[in-house]
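Coordinates in review
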Amino acid sequence: MKSAPFEYHAPSSLSDVVSLLAELGDEAKPLAGGQSLIPLLAMRLTRFEHLIDVTGVAELQGIERVNGHVRVGAAVRQSTAEHDATVAAAVPLLARALPHIGHFQIRNRGTVGGSTAHADPSSELPAVALALDAELEVAGPSGARVVGAEHFFQGTWMTALEPDEVLVAIRYPIWSRAGYGFRELARRHGDFAIAGVACAVSLGNNGNVERAAISMFGMGSTPLRGRAAEEALVGEHPGKVDVDSIAEAAVAEMEPTDDIHAPAWYRKRAGARLVTLALTEALEEAGRVDA
Amino acid sequence: MHELEMTVNGESVRASVEPRTTLADFLRDDCGLTGTHLACEHGVCGACTILVDGAAVRSCLMLAVQARGADVTTIEGLSPADGSLNVVQEAFAACHGLQCGFCTPGFVVSVTAFLDQNPSPTDDEIVEGLSGNLCRCTGYQGIVKAVRQAAQANAGNN
Amino acid sequence: MASSVEHLAAASALAPSARLVGTVVRRKEDPRLLTGRGRYVDDVRVPGTLSAHFVRSEVARGRIVGLDTTAAKAAPGVVAVLTAADVNGRLRGRMAATPLLDMVNVPERPLADGDVRFVGDPIAVVVAESRALAEDAAELIEIDIDPSPAVVDFERAAASTDILVHEGERDSNIFSSLAVPPDDELASILSSSAHVLAETYRQQRYHAVPMEPRGVLAWFDPPSGEFRVWISTQSPHDVRSVTSRITGVPETHVRVTMGDVGGGFGQKAYLLRDEQVIILVAHLLGRPVKWIEDRRENLLAASSARIERCTVTLAADDDGRLLGASIDHLDDAGAYPLSASPGTMAALYFTGPYRIPKYAFSTASAWTNTVPRAPYRGPWQIETFAREQAMDALARRIGVDPLELRRRNVIDRGELPYVMPTGMSLVHVSPSETLEQAAELIGYDAFRAEQAAALAEGRLLGIGISLYIEPQANFGVYSAEPAHIRVQTNGCVDVYLGSGSHGQGLETTTAQLVADHLGVAIDDVAVHQGDTAQTPYAFGTGGSRSGPILGAAIRHAALELHEKAVAIAAGMLEAAPADIEIIDSVASVRGTPSRSVTLTQIAHTAYFAPEQLPPGAEPGLEVISRVPVTDPLYSNACHICTVEVDRHTGEVRILRYVVSEDCGVMINPAIVEGQIDGGVVQGIGGALLEEFVYDEAGNPLTTTFLDYLLPTAADVPMIEHGHIETPASSPGHYKGVGEGGAIGAPPAVANAVNDALAQIGARVDRFPMSPPRVLEAIDRARPTQ
C-alpha cells in the first residue's frame, strides 16, 4: 500500500504556510502528525498533490495559559499535551481525554490540532473542544479568524476550515469550580469510540450547577451537545441530580447511525451508560472542589 | 526528490528520497535495515515501531522527509554490537515472548520506550502499554511476562 | 534401516537420561529474531528484482467486458502488465497441492479469465521497478465489469440453482458431500428419547491473519540453471513440486527456499493462486519478480475459514446420558478453494470425548462468490464449537450443571481404546482427567457460589467449559517426516528437516532431541530447514505433527547415530558397546572417565580411517530416518473460562482462563504452552472480536485492522495451565499441540457468556459475541421500558 506521489513542503512560518495554501488551493493539505492522513494516502482513499508540513511552524507550537484560557498550538504533539502540567491543572478534561487517543506511539506523533481538525465523528478531541466551548484560531489568505467550537464541526471530516485555511491553535477556556468526566466505549482499547462523552459542570456561588456540558462523540456526524439535558442540570444541586434521566435526555438528542461496529440503537444505549458514569464523576468532583 | 540527512542508529545518513516514501520503507530499502517490519502499513499493528528522537513511533506513518535532522533508532540500533541481547531482549528470550518473530522488533522497541516512561508499571499499565502492538503467535502471555521481568531487571540494575 | 523401534528404545536406555527433553530450553531462533536479523521474504534482495502488484476485481460476480492495459503499460517504470491472455496459457499442470490433487475440483485458472467470481479475484498483474510505481500504473488500467447478482450467503448458495458460482461445472453450488444417515434405531432414539436437543450453530467467517502477509520472490539463476523461489510458506517442498508442475521446469531444476516465516496457521500450507501467478510471471518474464501482499489483500484475497453451519441433534436419557447424536454440516468454500473441506474430519470426530453409541451425519461444501477457503488452525473445529455448546444447552434443558453432564458422559481411561461410532479408535487420551484438573484449577464450585452472589448484586458472571479430543493428521504423506542428521568431521552436528517451521521453535525442539539422544551439547547442534536443495522431502509443517511425527524421526535418527558412535568408540576404547556412554560429545567407559574419546575423534575415524571401523560398519557418521507413525494419535484438553458480562453495555470481560492439556511427553514445556496460548487467543478473537464481513452484494467491509479486530494484550487474561502426560504409542510418545488452543477456546468463551446470560433467560447465538449482540440478547430476555 504505497501512496500516490505528492510534493512536500516544510515551511517555517505561518505566513509561508498561508502563502502556500493560497497558491495551491485544494491541491494542498496541511500535514501535522500524519497519523490520520498518511494511512488514507497509503490506501489511496484520498490524495493531494501537495502536503504542507506545519510542524515546524512556531505559531502552531506552545502551550500557554493566558486570560482565562489555555492556548494549545495546533501542532503540539498529543503526548506533549498529555504530560503537560498546565493542561493537567487548567484543562483537566483535555488531560483525561488524551490517553484514550489510539496508543502512545500514535500520540507521540499525532497533534492536538490535527486530530481536532480531522473531525472524525468518533474521535475525542472535537468533543472536548465542543464541551468547553473552545475557540479555534484559523489562518488563511483572507486573514486570521476565530471560530467557536459550536460552529467549527460541520460534518464527518468537515469543519469550518476553508480548503486554503489552517488551524493555528485552540483556546480551551478554563472553568472554575468545575468537575469533569470523560468516558468512551470502544471494542478494544485505543480503537475509534463506538460512543463517548466529555462532560463538564461548574458550580455557582450557591453551590448549584451553573454551567454544564455534555458533549458526545460517536453519536452523529459531528460531536453533539445534549443541550436540553444540560439545561435540565442548571440550577440543580450536584448531590441531588437524577443522573440516569439526564443521561436519557442527552442521548435522546443524539443522531447516531449504523456502522459495522455498532448499530445506532446500541450507540444510544452505551452512550447513556457513559453519560451516567461521566456525569456522576463530574458532579462528585465539582462538589469536592467546591467544598 | 528531497535531499535529507538524519542519524540512524548513531550514524549519519544522507539520501535523496521521494516525498511519498515512508520512513519504514526508507529504513528497509535505502538503509538496508530490514529488522523493522511491515505488517499492515496503516498504523495499527505496531510491527514497524522505531524510536525517533527517543519516542516510539510507527514508521509506516511517517514520511522519510519528516525525519530530516532526526535521531532515528531501529531494532538494530538497540541491539548490542557484540551480538548479545539487551535487557528487554533477554527478558523476551527468557519468557518465551516470541514465536515467529515478525512482530518482535516492534514490541522490543515499544517496550523499551514504554519502560523508559514507566519503569515500574502495574499489570494493567503493562497490558495497556502493549495494546498498540499486535501479535498473532504468542497470545501475549510471554510478552507480558517479559515486560515484568525487564522492569525488574532494570530496577535491579539501578 | 534394519533397527526396529524397540531395538532403539532399548538403546536409549543406555543413552544418558533425558536432560533437555521436557525442560524449558531457550530458543535458538530468538537471538536473530530479537535483534532484527531474521530473514523474511521481503528482506531478501536479488539484484534486478521487479515488484508486482495485483489488480483485483471490485465486483463479486460478473463478466469482464472491457480490459485496457495500454496506458498502464506506458506508465513510468512499468516493465509488463499481464492478464489471463498472457499468463493462463502458460499453466502447464494442476494448481492443487500434491496431496490434494484428487480432492480439489474447482476450475484452476491463474488470473480471472472473462469473468470474475469474488471481490479480490486477480485480473491483472503490474510488474514495475517498484511497488509504488506498480500501484501508480494499476490506476491507469481500465476494467469494465458487467455485474450480475452474486451469491454470498453459503446457505443460500447451497440451495440456489440459478446463481451458480462456477457455471458449466455443475448444476449446483454444492460440490462435495458425504452422509451416513441414521438407521432405524438411531432415528427412533433421536425422536423419542427423554431429552432431545436440536440446535443450529453458526460460525462467522474469520481468518488466519498471520502477522507477515504472503510473499514470494521468484527468479531464474543462470549459473546454477535453477529456477529459484523464496517464499513465505509452511511447505517448501510442495511449493517446489507445484512450481515445477505449473511452469514445466523439471523439479530437479527448481529450488525453493523458506527463510523465516512470520506465521502461517494453515494459510501458507498450500501454494495459493496469487503466489502461483507470480511464479508464472517470473518464469514468463525471465526476470526476478517479487510480490509482497499488503494487509488489505491478505484480508480480502488470501483465504477465509471457519464459516460453517452445524445443526446438532443430541438425544439423552432422563439422567442426561447421551444415547445418540446427528449433525448436518455445511461449509462455505468460497469461489476457488484449493483445499479440502473440513466437513469430513468434523463429522468423523464430532462425538469427541463423550460416550455416544449411535451417530449419523451429513456434510456438504458449497461454493460462494467470496474469498476461497484455506486451512486455519484446527480446520475441523466446528465439531467442538457445536458439540460443546450443545452440551451446555442440553445441561440447561435437563437442569443439570454443565460440568456434571460432562462427567456423566465423558470417556474414562478405563474404557480405552474406545471405538467411536465412526469407527475411529480413541487411544491414550485423558478427557476425564483434563476435565477434573481444569475444574480444580478454576475452582469450579467456588465460582458457582461467587456467581450466585454476584447475581444478587445485579452482576452477571459466567463459566464455560470446552472439552475436546484432537486428532493429528498422520495418514498418507503426513504419516512420516524425515530427519537427516550428520555428525561433521569436527564433531558438530547438522540436522536437516523437511519442515516449514513458522514460529513453533523447531530449531530448538529438534536440537533438544538430538542433544539428548546423541549425547551432544545443544549448542553444537545446528538445525536447517527450508531449502529444498539441502533438506529431505516432507510435505511441510502443519496438522500438529511436528511433535509426534517429526519428533519420532529425529529421535530415531539420533539414536541410530548414537548407536553407531558407540560402536566406533567401543572399538577405539577396546570396551564393550554396552559400557560406553556419550555425554556432552565425549564417549567414555562408564565409571572410568579417563578412558574416553571425543565425538570429533569418533567422527574422524568414521570419515578418515574407515579401515578402523568395526566389521560391517558403514563409513561416515550420518543417518536419515523416516519413521511411519500410523497408529492413531490424539491430544486432548479441557478449557474453562470465566467471564463477566456488563449488563449495561453487553461488554464481555474474561476473568480467568484455564487449560488442562494432554499432549503426551512434552519436548519443551514453554513451547507447548506458547502454542496453546497463541491458539487460545485466536479462539478468543473468534468468539468475541473477529469477523470478516461481506455486504449482500459480496463487497468486503472489513479490509483493514481498524475493522477486522484482532485481540490485543489488553483483551486477554493470563492463561493458566495444567498438564497431563498420557504417552502416545509412537516413538518418543510425543503428541501434537499446535492447533488445540484454537479449537477449544471459542466454545469455552461462548459457553461462559451464555452461562452468564442464562441467569436472566438470555442467549447469544451469533458470533462474534459483540457488545451489541450481547445487549440485544439481554433486551430480548427482559425488554427495556
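Predicted model, so just to flag it, every value in this text is computed and none were measured.

Calculation notes
Residues numbered from 1 in each chain as written. Chains lettered and ligands numbered in written order. Predicted model: local features only at pLDDT ≥ 70, side-chain atom pairs only at ≥ 80, totals over all residues. Heavy atoms only, no water. Contact = heavy atoms within 4.5 Å. Buried area = accessible area lost by both parts, 1.4 Å probe. Salt bridge = Lys/Arg side-chain N within 4 Å of Asp/Glu carboxyl O. Polar contact = N/O pair within 3.5 Å; in protein donor to acceptor, adjacent residues only side chain to side chain. Helix = DSSP H or I, 4+ residues; strand = E, 2+ residues; numbered from the N terminus. Buried < 20%, exposed > 50% of the residue type's maximum accessible area, 1.4 Å probe, protein only. Domains from an automatic or database assignment. Nonpolar A, V, L, I, M, F, W, Y, C, P; charged D, E, K, R; others polar. Phe/Tyr/Trp six-rings, centres within 6.5 Å; stacked < 30°, edge-to-face > 60°.

**Description of the interface of chain B and chain C**
Across the contact, 46 residues belong to chain B and 52 residues belong to chain C. Interface area for chain B against chain C, summed over the two sides, is near 4,000 Å², with a carbon-plus-sulfur share of 60%. Linking chain B with chain C are 6 salt bridges, by the criterion used here. Here Asp-43 of chain C ties to Arg-28 of chain B by a salt bridge, and the two come within 2.9 Å at their closest N and O atoms. Taken together, the connections running from chain B to chain C amount to 23 residue pairs in polar contact (both at pLDDT 80 or more). Listed by contribution, the elements that provide at least two residues to the side of chain B that touches chain C are α1 (23-30), α2 (75-78), α3 (87-94), α4 (104-117), α5 (123-130) and α6 (141-157) of chain B. By residue number, the principal contributor to the side of chain B that touches chain C is α3 of chain B, which donates 5 residues.

**Looking at the environment of Ile-463 of chain C**
Residues and elements named next belong to chain C. Tracing the chain through its elements places Ile-463 in strand β18 (residues 460-471). Ile-463 sits in the buried class, given a relative accessible area of 2%. Here the alpha-carbon distance between Ile-463 and Arg-413, two residues 50 residues apart in the chain, equals 26 Å. Not counting chain neighbours up to four residues away, the residues in contact with Ile-463 comprise Ile-442, Tyr-444, Phe-447, Arg-448, Ile-640, Cys-641, Thr-642, Asn-751, Ala-752 and Asp-755.

**Description of the domain arrangement of chain B**
Residue and element names in this part refer to chain B. According to the domain assignment, chain B consists of domain 1 (2-77) and domain 2 (87-157). Using only C-alpha atoms to locate each centre, domain 1 and domain 2 end up separated by 22 Å. In this complex, domain 1 contributes 14 residues to the contact, which on the side of domain 2 involves 13 residues. Note on domain 1 versus domain 2: buried area summed over both sides is about 1,000 Å², and carbon and sulfur give 67% of it. Run the count over domain 1 and domain 2 and you get 0 salt bridges. Viewed at the interface, domain 2 and domain 1 are joined by 4 residue pairs in polar contact (both at pLDDT 80 or more). Where the side of domain 1 that touches domain 2 is concerned, the elements lending two or more residues are β3 (49-52) and β4 (55-58). No other element matches β3, which puts 3 residues into the side of domain 1 that touches domain 2.

**Side note on the domain arrangement of chain C**
Residues and elements named next belong to chain C. Once the domains are mapped, chain C shows domain 1 (410-471 + 632-785) and domain 2 (476-626). Relative placement of domain 1 and domain 2: their C-alpha centres are 40 Å apart. The partner domain 2 presents 16 residues to the 14 residues of domain 1 that form the contact. At the junction of domain 1 with domain 2, the criterion picks out 0 salt bridges. Counting every contact that joins domain 1 to domain 2 gives 2 residue pairs in polar contact (both at pLDDT 80 or more). Residues of the side of domain 1 that touches domain 2, tallied by class, amount to 6 nonpolar, 5 polar and 3 charged.

**Observations concerning the packing of aromatic side chains**
For any two aromatic rings, the description comes down to two numbers: the centre-to-centre distance and the angle of the planes. All names here are of chain C. Summed over all chains, the structure comprises 18 aromatic pairs over all chains. Both rings, one in Phe-54 and one in Trp-291, keep their centres 5.0 Å apart while their planes meet at 85 degrees; by these two values the pair is edge-to-face. Of this pair, Phe-54 sits in strand β1 (residues 50-56) while Trp-291 sits in strand β12 (residues 289-292), placing them 237 residues apart in sequence. Each of the two residues, Phe-54 as well as Trp-291, counts as buried. Here the aromatic rings of Phe-692 and Tyr-694 are separated by 5.3 Å at their centres, their planes lie at 80 degrees, and the arrangement is edge-to-face. As far as burial versus exposure is concerned, Phe-692 and Tyr-694 are alike and both buried. Among the aromatic residues, ring-to-ring pairing joins Tyr-270, Phe-475, Tyr-478 and Phe-539 into one connected group.

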